[in-house]
Amino acid sequence: MTAPVTTTPSSVSAAAASGNYTNPKGVLGKNEFLKLLVAQMKNQDPLNPTGGDQMAAQLAQFSSLEQLQNINSTLETQTSNGAGIIESIQTSAALGTVGKTVVAHGDGVEVPAGADATKVAVHATIPAGGGKATLNILDNSGKVIGTRDLGVVAAGSLDTTLGEAGEGLATGQYHFAVSVTDSAGTVRAASTAMIGVVTAVQATSTGPVLRIGNISVPFSSVTEIRN
């Protein structure tokens, strides 16, 4: 009489080693778990079959796995739906800015064709304590090409114009920076923002983007919507 094949009933590796089950992807989902359970039952030692308590424990594991996967699937669906709702709200809000003046984080500034560069508006947030402020206009290489003394300014929001820093600037895009020197002589950079009228909105994979003249501004960078 040929001796029966002996396996370890509670071991996943035993069923897999029998050759009756393979899982090339190495992922144990509910279907794979069920196949393993069936393979284990087919290859168990008939003289020492799996006990009822062991079978119940394995079935409980299978049930728990299935419930967890269902919960995970539900959460993924809710997350996807929530992201779609947020995107829709953002796009709707962005479209509402067309024709309005917005303030948005950034250091870009544009001199439109035929415009007086000295009257182009910019915005800065002066750090705590305030101090003597200076506005610099920079070209795309970072070179300072215009400067304006803003005098002593208080902490908080500051709307201003390029003033003499914009004299002689040709039509085009530039950058600006505002530095503040406090009473102790410490120089600090102010947070800058551009001001402009939104002319168009573009939908992108990272969210709506506003067009202010020829400058693209992420809607998420907008801090204020005026008129």
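So, here is what we can say about the structure in this document. (Residues numbered from 1 in each chain as written. Predicted model: local features only at pLDDT ≥ 70, side-chain atom pairs only at ≥ 80, totals over all residues. Heavy atoms only, no water.)

## A few points about the overall build of the protein
Alright, step 1. Per the secondary structure count, the protein includes 3 helices and 12 strands.
Alright, step 2. In the form shown here, the protein has an accessible surface area of approximately 13300 Å², with 55% of it arising from carbon and sulfur atoms. (Helix = DSSP H or I, 4+ residues; strand = E, 2+ residues; numbered from the N terminus. Areas by Shrake-Rupley, 256 points an atom, 1.4 Å probe, with all protein chains shown as cover.)

## Some details on the nonpolar core
Within soluble globular proteins, side chains that are nonpolar tend to cluster in buried spots.
Alright, step 1. Ranked by internal contacts, the top residues of the largest apolar core, which has 21 residues, are Val-109, Ile-126, Leu-135, Ile-137, Leu-162, Leu-169 and Val-178.
Alright, step 2. Only strand 2 (108-111), strand 3 (121-126), strand 4 (131-138), strand 5 (144-153) and strand 7 (172-181) provide two or more residues apiece to this core.
Alright, step 3. When residues of this core are assigned to their parent elements, the largest contribution, 4 residues, is made by strand 7.
Alright, step 4. Sequence-distant contacts of Val-109, that is, excluding residues within four places in its chain, are made with Val-120, Val-122, Leu-162, Gly-172, Gln-173, Tyr-174, His-175, Phe-176 and Ile-215.
Alright, step 5. The next biggest cluster of nonpolar side chains, apart from the first, holds 11 residues, and it includes Val-102, Leu-210, Ile-215 and Phe-219. (Core = buried A, V, L, I, M, F, W, Y, C linked by side-chain atoms within 4.5 Å. Buried < 20%, exposed > 50% of the residue type's maximum accessible area, 1.4 Å probe, protein only. Contact = heavy atoms within 4.5 Å.)

## Observations concerning the side chain of Thr-160
Alright, step 1. Looking at where Thr-160 falls in the secondary structure, it is placed in strand 6 (residues 156-161).
Alright, step 2. Taking the relative accessible area as the measure of exposure, Thr-160 reaches 15% and is therefore buried.
Alright, step 3. Among the polar contacts made by the side chain of Thr-160, one reaches the side chain of Arg-148 at a distance of 2.8 Å. (Polar contact = N/O pair within 3.5 Å; in protein donor to acceptor, adjacent residues only side chain to side chain.)

## Comments concerning the environment of Ala-193
Alright, step 1. Mapped onto the elements of the fold, Ala-193 is located in strand 9 (residues 191-202).
Alright, step 2. It is 5.2 Å that separates the C-alpha atoms of Ala-193 and Ala-104, two residues lying 89 residues apart in sequence.

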